[in-house]
Amino acid sequence: MKPVLMCRDVIVDFDGFRALQGVDLTVYPHEVRFLIGPNGAGKTTLLDVICGRTRATDGRVMFFSHDITKQPEYEIVQMGIARKFQSPSIFPFLTVWENMELAIRQDRRLRSVLRAKRTEKEEEIMAAQLERMGLLDERHRLAGTLSHGQKQWLEIGMQLIQRPQLLLLDEPIAGMSAAERERTGEWLHEIAEHCAVIIVEHDMDFVRRYSKQVTVMHEGKVLCEGSIDEVQQNEQVIDVYLGRRKNACYVSGM
Amino acid sequence: MVNQRWGYWLFFAALFLAPFYLTEFRLSLLGKFLCLAIVAVGISLIWGYTGILSLGHGVYFGLGAYCMAMYLKLEASRGHLPDFMEWSGVRELPWFWKPFSYPMVAIAAAIALPTLLAALLSYFTFKNRIKGVYFSLLSQAVVVVLVTLFIGKQEWTGGTNGLTNFSTVFGFSLSSPLTQIVLYWLTTICLALIFVAARRLTSGRLGKVLIAIRDAENRVRFLGFNPTVYKVFVYSLSAAFAGVAGALFVLQVGLISPEMMGIIPSIEMVLWVAVGGRHSLMGAIVGAIVMNTAKSFLSENYPDLWLLLLGALFVVVVLFVPKGLAGIYESLVAVRIKAKRGHEREARVDVS
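Keep in mind it's a predicted model, so treat the numbers as computed, not measured.

## Thoughts on helix H1 (residues 43–51) of chain A
Among the nine residues of H1(A), eight are classified as buried, and the element is accordingly described as predominantly covered. Within the sequence span of H1(A), burial applies to Lys43(A), Thr45(A), Leu46(A), Leu47(A), Asp48(A), Val49(A), Ile50(A) and Cys51(A).

Next up, the structure:
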């Protein structure tokens, strides 16, 4: 099977600070890949590099057979990589419905947007997606008035309605209630039927419950990959986490 | 919504009929204010909708006005060299003045030049993701550069005095009341057309993209839109509006000078829109008319107080009515609707 995403020897250098020091990552279709690791390990930076928000100093990012390392962000998105940010990033002064209208798959050039009208088909797709996120009844509300969890879902919905081939999720369950977390976890594998997912998560209970493939990062490098059980047996991983625990500055539950 | 549309019709009808109920003097003032209202619509588009604060719209207004004024000056000179050039010792008409003897060229340039300058400035700044205060300062720097240039190049621009002493437009005397009324109507029509165009733009999907850029530009980018294109488009469009306004202004006022496109007028333009309510196109129009009416009244009677009052008013608006006149109107409507619903509920309870 051809990989969706291949990162090869990706280096990011912020004025002398090496946030990523040669990261390799390969993700296949329908995969849900968890990225874990202590704070500052470079997980979010890696997502930023994939979606073009941060430029790799060296190395290559391949999306199917396209080199996207130097592509502008909006083109990367149009090719099929969607990104959900850590804190909910939605348009507070547009309604839920209008938020979806901007997100739905469409020609995003100025001249077509100038003429664009919501079609019935678009409305059907939008309604179906909102129904799935449990937000259909809220569609006429301003997005800024939603609860934190609802905003998170709205943003996820806005990514899914683009029908991406790769979805990047940065701590999607942060600030969600236990029930909301559970629903999100179940979605993850539903989503994976249509696209590959890379998810950064700190909550180890959540990772244990919903992960298949886990990549552990530490100090800008990939430490190891495997199932959560394999990863937890790994000597290096134990060192990294236990070392932290001894210093009592990071409690991960591992 | 239906009521609102009737309101707009009424508003523009009242403006259109103004020659029948205003004195010549008041009408000429109103005509001038309507030109400024056209600028305000553009500022509402870029500032209220897209979140770009330009402190340099005086330049686009001024460029439009100068283009028109060059034609008027040439027509007034009747084939001779314009008077100020002679005084500066210029022997021959500079090459770039020549095309302006054709009115159509002058009108096209009055729209195209400001648009082009705005597109250039905004493309390079927005492409490099220069935003917020930095963009505002940059737009202001452009004002300083252009005003200095226009004052310095006296033999080409008339210097501090600007361009004035016009006589006719298309052969019609500018001092005749009938010409002035026709020009007033032309201004009203332009304002109405620009208002309708801006409303259509903002009520469609483009309007949503603009608001989205204002509130979360990064999210827009990561939905696959290229915000730079949208921002350059809106910014240039607002400059085009300002250019049209400038051309209409100079026809009615008969004078354009660097002082009228400088920093103070540029900031005043933003103030009208702030007072009227920057999120509302109609608010911006009303703001421009109200503020300029207040200005001409106060500066007729208390010339020293005007600037102080203007400053105080701005502080009050920013602190207490951030949504301006339009915001006050909207909350009044909301209260009325609520009260009406309350009555209906009571009535229903009574029946049952």
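Okay, back to it.
## Some details on the interface of chain B and chain A
Between chain B and chain A, the residue contacts involve 23 residues of the former and 33 residues of the latter. Both sides of the chain B and chain A interface together cover about 2,500 Å² of buried area, and 65% of this is carbon and sulfur. Summed over the three residues of chain B that lose the most area to chain A, namely Arg205(B), Arg219(B) and Phe222(B), the buried surface amounts to 35% of that side. Counting across the interface, chain B meets chain A through five salt bridges. Between Glu122(A) and Arg205(B) there is a salt bridge, with the nearest N and O atoms lying 3.0 Å from each other. Run the count over chain B and chain A and you get 13 residue pairs in polar contact (both at pLDDT 80 or more). Looking at the side of chain B that touches chain A element by element, the count peaks at 13 residues for helix H10 (residues 205–221) of chain B.

## Overview of the domain arrangement of chain A
Residues and elements named next belong to chain A. Looking at chain A, the domain boundaries give domain 1 (1–80 + 166–175 + 198–254) and domain 2 (90–164). Computed over C-alpha atoms only, the centres of domain 1 and domain 2 are separated by 28 Å. If you look at the interface, domain 1 gives ten residues, while domain 2 gives eight residues. Taken together, both faces of the contact between domain 1 and domain 2 bury some 640 Å²; the carbon and sulfur share is 63%. Summed over the three residues of domain 1 that lose the most area to domain 2, namely Gln 78, Leu 167 and Pro 172, the buried surface amounts to 47% of that side. Summed over the shared surface of domain 1 and domain 2, the number is zero salt bridges. Connecting domain 1 to domain 2 are three residue pairs in polar contact (both at pLDDT 80 or more). Of all the elements in the fold, those that place two or more residues in the side of domain 1 that touches domain 2 are helix H2 (73–79) and strand E7 (166–170). Ranked by residue count, the leading element in the side of domain 1 that touches domain 2 is E7, at three residues. Among the residues forming the side of domain 1 that touches domain 2, the class breakdown is six nonpolar, three polar and one charged.

## Focus: a negative patch on the surface
A surface patch of negative charge is lined by Glu182(A), Glu186(A), Glu190(A) and Glu193(A). Of the residues examined, Glu186(A) reaches a relative accessible area of 45% and is grouped as partly exposed.

## Quick look at empty space enclosed by the protein
Unfilled space is identified by rolling a water-sized probe across the atoms. Residue and element names in this part refer to chain A. Considering all chains together, one arrives at one cavity of 30 Å³ or more under this definition. Looking at which element gives the most residues to the lining of the largest cavity, the answer is helix H7 (residues 178–191), with four residues. When its residues are assigned to classes, the lining of the largest cavity shows seven nonpolar, one polar and no charged.

## Some thoughts on the environment of Arg141(A)
Residue and element names in this part refer to chain A. Relative to the helices and strands, Arg 141 is located in the loop between helix H5 (120–133) and helix H6 (148–160). Distance from Arg 141 to Leu 94, taken between C-alpha atoms, is 8.3 Å for residues 47 residues apart in sequence. Every residue in contact with Arg 141, bar those within four places of it in the chain, is listed here: Leu 94, Thr 95, Val 96, Leu 146 and Gln 150.

## Describing the confidence of the model for chain A
Residue and element names in this part refer to chain A. Scored by pLDDT, chain A has a mean of 89; 95% of the residues are at 70 or more. The element-level mean pLDDT for chain A is lowest in helix H10 (residues 235–246), coming to 70, with helix H3 (residues 96–103) highest at 96. Segment residues 245–254: pLDDT under 50, and 20 contacts once partners within four positions in sequence are set aside and those in other chains are kept.

## Observations regarding the pairing of strand E9 (residues 213–218) of chain A
Residue and element names in this part refer to chain A. Of all six residues that make up E9, five are buried, and the element is covered over most of its length. Sheet topology note: the strand E3 (residues 32–36)/E9 ladder contains four bridges and is parallel. Opposite Arg 33, over in E9, you have Gln 213 as the bridge partner. Pairing analysis gives five bridges linking E9 to strand E10 (residues 221–226), with the strands arranged antiparallel. Each residue of the ladder has a partner; that of His 218, found in E10, is Lys 221. Two successive antiparallel strands, E9 and E10, enclose a turn made up of two residues, where Glu 219 displays a positive phi of approximately 50°.

## Focus: the pattern of salt bridges
Applying the stated criterion across every chain yields a total of 27 salt bridges over all chains. Across the pair Arg118(A) and Glu123(A) runs a salt bridge whose closest N-O atoms are separated by 3.1 Å. When its relative accessible area of 33% is taken as the criterion, Arg118(A) is described as partly exposed. Between Arg219(B) and Glu155(A) there is a salt bridge whose closest N-O contact spans 2.3 Å. Placement of the pair is Arg219(B) in helix H10 and Glu155(A) in helix H6, with the two residues belonging to separate chains. What makes Arg219(B) buried here is its relative accessible area of 0%. Connected through shared salt-bridge partners, Glu101(A), Arg118(A), Glu122(A), Glu123(A), Arg205(B) and Lys208(B) make up one network.

## Digging into unusual backbone geometry
Residue and element names in this part refer to chain A. Even without glycine at this site, Asp 9 takes up a positive phi of about 55°. Within the fold, Asp 9 resides in strand E1 (residues 5–14). The partly exposed category is assigned to Asp 9, whose relative accessible area is 44%.

## Considerations on the UniProt feature "transmembrane region" (unreviewed entry) in chain B
Residues and elements named next belong to chain B. Those residues carrying the UniProt feature "transmembrane region" (unreviewed entry) are residues 6–22, 29–49, 100–126, 133–152, 181–198, 232–257, 269–293 and 305–322 in this numbering. Counted over residues 100–126, helix gives 89% and strand 0%. Its end C-alpha atoms are 32 Å apart. In residues 232–257, the share of helix is 85% and the share of strand is 8%. The end C-alpha atoms are 28 Å apart.

## Examining the side chain of Lys73(B)
All names here are of chain B. Within the secondary structure layout, Lys 73 lies in helix H4 (residues 57–77). For Lys 73, a relative accessible area of 4% corresponds to the buried category. A polar contact is formed between the side chain of Lys 73 and the backbone oxygen of Thr 164, at a distance of 2.7 Å.

## A word on the sheet that holds E10(A)
All names here are of chain A. On the basis of which strands lie adjacent, the open sheet formed by six strands has the order E6-E7-E8-E3-E9-E10 and mixed pairing. Two strands close off the open sheet at either side, each with one partner strand: strand E6 (81–84) and E10. Neighbour-to-neighbour, the strand axes of this sheet turn through a mean angle of 20°, independent of strand direction. Each of E3, E6, E7, strand E8 (196–200) and E9 is contacted by H1, which is oriented at about 145° to E7, the strand it contacts most. Together, E6 and E7 form the strand contacts of H6, whose direction differs from that of E6 by roughly 175°.

Thresholds applied
Residues numbered from 1 in each chain as written. Chains lettered and ligands numbered in written order. Predicted model: local features only at pLDDT ≥ 70, side-chain atom pairs only at ≥ 80, totals over all residues. Heavy atoms only, no water. Buried < 20%, exposed > 50% of the residue type's maximum accessible area, 1.4 Å probe, protein only. Helix = DSSP H or I, 4+ residues; strand = E, 2+ residues; numbered from the N terminus. Contact = heavy atoms within 4.5 Å. Buried area = accessible area lost by both parts, 1.4 Å probe. Salt bridge = Lys/Arg side-chain N within 4 Å of Asp/Glu carboxyl O. Polar contact = N/O pair within 3.5 Å; in protein donor to acceptor, adjacent residues only side chain to side chain. Domains from an automatic or database assignment. Nonpolar A, V, L, I, M, F, W, Y, C, P; charged D, E, K, R; others polar. Patch = residues over 30% accessible without salt bridge, like charges linked within 9 Å, V, L, I, M, F, W, Y side chains within 5 Å. Areas by Shrake-Rupley, 256 points an atom, 1.4 Å probe, with all protein chains shown as cover. Lys, Arg positive; Asp, Glu negative; His and termini not counted. Charge placed at Lys NZ, Arg CZ, Asp CG, Glu CD. 1 Å grid on protein atoms, 1.4 Å probe; cavity = no way out; pocket = protein on both sides within 12 Å on 5 of 7 lines; lining within 4 Å. Points joined across faces, edges and corners; volume = space filled by probe spheres on them. pLDDT = per-residue confidence, 0-100. Pairing = 2+ DSSP bridges. UniProt positions renumbered as here; feature names shortened; annotations may be inferred. Axes fitted to C-alpha atoms, helices over the stretch in contact; angles between N-to-C directions.

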